[in-house]
Amino acid sequence: MASSTTPSLELYGALQDAFDHFNRTLFAGALPPCLITLRAQRTRYGHHQHARFVSRDGASLDELALNPGYFALRPVETVLSTLAHEMVHHWQENAGAVTPSNHHNREWAEKMKEIGLMPSTTGAPGGEESGSRVSHYIIEGGPFAKACQALLDEGFVLPVYDRHAPEPPERVLARSMVSFNENAPPPPDGMNDIEPYRPEPAAALNEAPMEAAEAEGKPLPIVAPPPPRPSNRSRLACPQCGASAWISKEVVLICGSCAVPLEAV
């Protein structure tokens, strides 16, 4: 496992270790190098983008991004399954046949099943295997489950967590509780996988109040996202044609087509 005295290298080293491990065990070492990034996007666990970066010598690099805000809200196996999910996209972009209008096509779905992840639009048994928004769940006893357990047995951990969760922890719990209901709606746009929730490590970190944690040198609690800042903008609309505009201060606007003042919405 990668070792470092700096938090940045420790975390990125761990993610690179995981990528290399799954590349060897699930993809026969066929995946080309990529740039692993952390992107705190509220509605995504992760994403893959082909040729997002370029090196100084002109070589293009795919981006494989993970959302660190969910590291503390989801089991490490589930976080790693998102990594593998994006690695399948990486494989298809470089060795398969991508469908521009559908990044979760039949070829992608078959490769997901081959490595031990079942594609599902609901993140649960019974969902569609392909489509514009497709989640997945881990196949019990499958290649990914075995490879992931081997990685954990080697001592793999996620050494750093984002304390500012992108959504309240209880919402993740509630979503996971219904994720295996075949009639449940699909997960939010961009969500890649929903697994049964286990309180690791958010619940453990949240056991002690902030003051006690600081006094005893324990990890600080995971906190929900702050409320959105009040907007200083308002919207005006034409009462006749419906044309609208956003304003940041009190002004009078007149619709150029109807020659009437816009009204507050």
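The structure presented is a predicted model; accordingly, all values stated were derived computationally and were not measured. For every chain, the first residue of the written sequence is number 1, and numbering continues from 1 along that sequence. Local features in this predicted model are restricted to residues whose pLDDT is 70 or higher, and side-chain atom pairs enter the listing and the counts only when it is 80 or higher, whereas totals over whole chains, interfaces and linings include all residues. Hydrogens and water are ignored here; the side-chain numbers use all heavy atoms of the structure.

1. Some words on the packing of aromatic side chains
Given two aromatic rings, one states the distance between the centres and the angle between the planes to describe the pair.
Inference 1: Each pair of aromatic rings taken from Phe, Tyr and Trp, with Trp reduced to its six-membered ring, is defined by centres within 6.5 Å and is described as stacked if the planes are under 30 degrees apart, edge-to-face if over 60, and tilted in the remaining cases. Taken as a whole and assessed by the stated rule, the structure comprises two aromatic pairs.
Inference 2: On the basis of an interplanar angle of 35° and a centroid distance of 5.2 Å, the ring pair of Phe22 and Phe144 is categorised as tilted. Of this pair, Phe22 sits in helix α1 (residues 7-27) while Phe144 sits in helix α4 (residues 143-153), and the two are 122 residues apart along the sequence.
Inference 3: Its relative accessible area of 0% is what places Phe22 among the buried residues. A run of DSSP states H or I qualifies as a helix once it reaches four residues; a run of E qualifies as a strand once it reaches two. Both are numbered from the N-terminal end. Buried residues are those whose accessible area, probed at 1.4 Å on protein chains only, stays under 20% of the maximum for their type, while exposed residues exceed 50% and partly exposed ones sit between those limits.

2. Thoughts on the environment of Cys148
Inference 1: For Cys148, the location among the structural elements is in helix α4.
Inference 2: Residue classification places Cys148 among the buried residues on the basis of a relative accessible area of 2%.
Inference 3: Along the primary structure Cys148 and Val76 are separated by 72 residues, whereas in three dimensions their C-alpha atoms are 9.5 Å apart.
Inference 4: What Cys148 contacts, discounting residues up to four positions off in sequence, is Phe22, Glu77 and Leu80. Throughout, a contact is declared for two residues whenever any of their heavy atoms are within 4.5 Å.

3. Brief notes about the pattern of salt bridges
Inference 1: Any carboxyl oxygen of Asp or Glu that lies within 4 Å of a side-chain nitrogen of Lys or Arg is treated as forming a salt bridge with it. In total, this model carries seven salt bridges according to the counting rule given.
Inference 2: The partner of Arg52 in a salt bridge is Glu63, with the nearest N and O atoms 3.3 Å apart. On the criterion of sequence distance, the pair formed by Arg52 in strand β2 (residues 46-54) and Glu63 in strand β3 (residues 60-66) is long-range, its members being 11 residues apart.
Inference 3: Linked through salt bridges whose partners overlap, the residues forming this network are Arg106, Glu110, Lys113 and Glu129.

4. Notes on the sheet that holds β2
Inference 1: Pairs of strands are assigned from DSSP output, requiring at least two bridges between the strands. Strand order in the open sheet formed by three strands is β1-β3-β2, with mixed pairing between adjacent strands. Here the strands that pair on one side only, and so sit at the sheet edges, are β1 (35-38) and β2. Averaged over all adjacent pairs, the angle separating strand axes in this sheet is 30°, with direction ignored.
Inference 2: The sheet contact formed by β2 and β3 spans six bridges and is antiparallel. Looking across to β3, one finds that Phe53 is bridged to Leu61.
Inference 3: Only the stretch in contact is used when a helix axis is fitted, and all axes are lines through C-alpha atoms; the angle between N-to-C directions ranges over 0 to 180 degrees. The strands that α1 touches are β1 and β3; relative to β1, the one it contacts most, it runs at about 130°.

5. Focus on the confidence of the model for the chain
Inference 1: Per residue, pLDDT captures the predictor's confidence, and it can take any value from 0 to 100. Residues at a pLDDT of 70 or more form 78% of the chain, whose mean pLDDT is 83.
Inference 2: Within the model, pLDDT remains below 50 along residues 178-199, and this stretch shows 75 contacts once partners closer than five positions in the same chain are excluded.

6. Side note on unusual backbone geometry
Inference 1: Positive phi, close to 55°, is recorded for Ala51, a residue that is not glycine.
Inference 2: Mapped onto the fold, Ala51 is located in strand β2.
Inference 3: Assessed through its relative accessible area of 38%, Ala51 is described here as partly exposed.
Inference 4: For Ala259, which is not glycine, the phi torsion reads 60° and is therefore positive.
Inference 5: By the secondary structure assignment, Ala259 is in the loop between β7 (244-247) and β8 (263-264).

7. Overview of the environment of Asn232
Inference 1: Checked against the element boundaries, Asn232 lands in the loop between α7 (210-216) and β6 (234-237).
Inference 2: Residue class for Asn232 comes out exposed when judged on its relative accessible area of 60%.
Inference 3: Residues Asn232 and Ile247 lie 15 residues apart in sequence; the distance between their C-alpha atoms is 8.6 Å.
Inference 4: Those residues within four positions of Asn232 in sequence are excluded, and the remaining contacts are Ile247 and Ser248.

8. Observations regarding the sheet that holds β7
Inference 1: Spatially, three strands are ordered β7-β6-β8 in an open sheet, and the strand pairing comes out antiparallel. In this open sheet, the two edge strands, each paired with only one partner strand, are β7 and β8.
Inference 2: Note: β6 against β8, two bridges, orientation antiparallel. Pairing of Ala237 across the sheet is with Glu263, part of β8.

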